[in-house]
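Spelled out, the chains give:
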Amino acid sequence: MPQLLLSADPGFMHLALDEFRRDSHNAQLLDELAPGVHLADCDEGFWGLAESWIDDPPVFARHICPVDLSIPLVATPRDLSRLSEAAVTEYADLLDPDVSFSVQSRIFAELPYKPFDVNRAVSAALARAANSPLDVRQPFQILSIVCAASNQGPGSEKPAASSHRQLAYLGLSLASHNISDWAGGVRRFRREKEQVSRAEFKMLEALEAFRIDLPAGGVALDLGAAPGGWTRVLRQKGQFVTAVDPAELHPRLAADRGVRHKKMTAETYLAEGPDAFDFLVNDMRMDARASARLMNDFADFLYPHAEALMTLKLGKTAAALDPACTILQESYNILHMRQLFHNRNEVTIHLQPKPA
Ligand SMILES: C[S@@+](CC[C@H](N)C(=O)[O-])C[C@H]1O[C@@H](n2cnc3c(N)ncnc32)[C@H](O)[C@@H]1O
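Residues numbered from 1 in each chain as written. Predicted model: local features only at pLDDT ≥ 70, side-chain atom pairs only at ≥ 80, totals over all residues.

A word on the domain arrangement of the chain
Interfaces are often sized by the accessible area lost when the parts come together. Rules: An automatic or database domain assignment provides the domain bounds reported here. Lys, Arg, Asp and Glu make up the charged group, whereas Ala, Val, Leu, Ile, Met, Phe, Trp, Tyr, Cys and Pro make up the nonpolar group; the residues left over, Gly among them, are polar.
What the domain assignment reports for the chain is domain 1 (3–185) and domain 2 (199–353). For domain 1 versus domain 2, the separation of C-alpha centres amounts to 34 Å. A breakdown of the residues in the side of domain 1 that touches domain 2 according to their chemical character gives 4 nonpolar, 2 polar and 2 charged.

Pasting the structure below:
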């Protein structure tokens, strides 16, 4: 039966597995390779599931990739040449020469090499053997390689811990079928010296994942702005920002003439009578339903072309998610909703106001 690897935040894996069971037939979990990484299969196989998730994306499943073959590892650098040989034998003829490819590796075992070493060795061998151009930034085709200790014994019995075998799981897919363009959905950004908060990564990841383009000169409203990470990103994207938060902004932002700090709660600002905005963002630490209700109140102050981005804070069960979405749908269409790599106990939602 065709197999696949399903990855999610370990804390939300149970919800990702619910999505997998809901959207496939005969879903079976074969092995947990690492917290948040499951080897699984289903009647649709990787391609069938990927197609259905392109049309109706999951929220918690962060990444999928196919498993076409597994190769035993000996845990010496010789693995790199064996993986390269296997990749050339199995995939050189399958790669479409007209579009780019990349190799994305993850390692969940004690091995004397790093993902970078695997990527470099295998992609160099494939680039020599196939005519497809290598492009690690925007690959069209991805060879995924996951190295891990297998807990699967003969049949479905688990072997004793001492007999765990280390395997590399290989599979070729289109980047567009993997949910995320990044290995395991892990999108890292370079830390900048001027960075104000970790939350900046959250906004950068959402803008990229949801393909949100902010035309320079727009006016944005940032609810729950302090210390100002999202405001800083919005300023970098050329927005004039009204930053609402009773807490202080970072001094660098407080001195920025493109930032207006309303040092008050969102509720007080609403009562004051807000201006009109092109982009509304909300990262308030607040119950998901209360935050959704406030978003509806602010929808009256958005231009018809506006968009909105918010995080919904969830407990482990995410019980507040559906009620919060129902509230939001009174005023907004939900364009995207994902539990992104930089989210903690929350999801990020991209919204479009409904016509008044
Ligand atoms: C996670 S922090 C926001 C981080 C921010 N996005 C950044 O990038 O630096 C949550 C913020 O929500 C603010 N907050 C909580 N309730 C609020 C309310 N009712 N109105 C405005 N801000 C609120 C808190 O003061 C806190 O600064």
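Comments concerning the environment of Gly217
The criterion, for reference: Going along the chain from the N terminus, every DSSP run of H or I of four or more residues is numbered as a helix, and every run of E of two or more is numbered as a strand.
Mapped onto the elements, Gly217 comes out in the loop between α5 (199–209) and β9 (219–223). Spatially, the C-alpha atom of Gly217 lies 23 Å from that of Ile349, the residues being 132 residues apart in sequence.

Brief notes about the packing of helix α3 (residues 78–91) against helix α4 (residues 115–129)
Let me state the cut-off plainly: Here the axes come from fitting lines to C-alpha atoms, over the contacting stretch only for helices, and the angles between their N-to-C directions go from 0 to 180 degrees. In these notes the angle categories are as follows: under 35 degrees is roughly parallel, over 145 is roughly antiparallel, 65 to 115 is roughly perpendicular, and the rest is oblique. The hand of a helix crossing depends on one turn: near helix anticlockwise from the far one by less than a right angle means left-handed, and clockwise means right-handed. Contact between residues is assigned whenever the C-beta positions, reconstructed from backbone atoms, fall within 7 Å.
Packing of α3 against α4 brings their axes to within 9 Å, and their N-to-C directions diverge by 40°. If you check the angle between α3 and α4, you find them oblique. When the axes of α3 and α4 are compared, the crossing they make is right-handed. In this structure, α3 contributes Leu80, Leu83, Ser84, Ala87, Val88 and Tyr91 to the contact, and α4 contributes Asp117, Val118, Ala121, Val122, Ala125, Leu126 and Ala129. Split by residue class, the contact of α3 with α4 holds 11 nonpolar, 1 polar and 1 charged.

Structural notes on the confidence of the model for the chain
Where we set the bar: In predicted models, pLDDT denotes the confidence assigned by the predictor to each residue on a 0 to 100 scale.
For the chain, the average pLDDT comes to 94, and 96% of its residues sit at 70 or higher. Counting interchain partners and residues more than four positions distant, the pLDDT-below-50 stretch residues 154–162 has 4 contacts.

Focus on unusual backbone geometry
Quick reminder of the rule: Remark: C-beta atoms are placed from the backbone, and a residue is labelled buried if 20 or more other C-beta atoms sit within 10 Å of its own, exposed if 12 or fewer do, or partly exposed between those counts.
Of note, the amide linkage connecting Ala226 to Pro227 takes the cis form, showing an omega dihedral of 5°. Relative to the helices and strands, Pro227 is located in the loop between β9 and α6 (229–236). Not every positive phi belongs to a glycine, and Ala318 is a case in point at roughly 60°. Note that Ala318 resides in the loop between β13 (302–313) and α10 (321–328). Here Ala318 falls in the buried class, since 21 other C-beta atoms lie within 10 Å of it.

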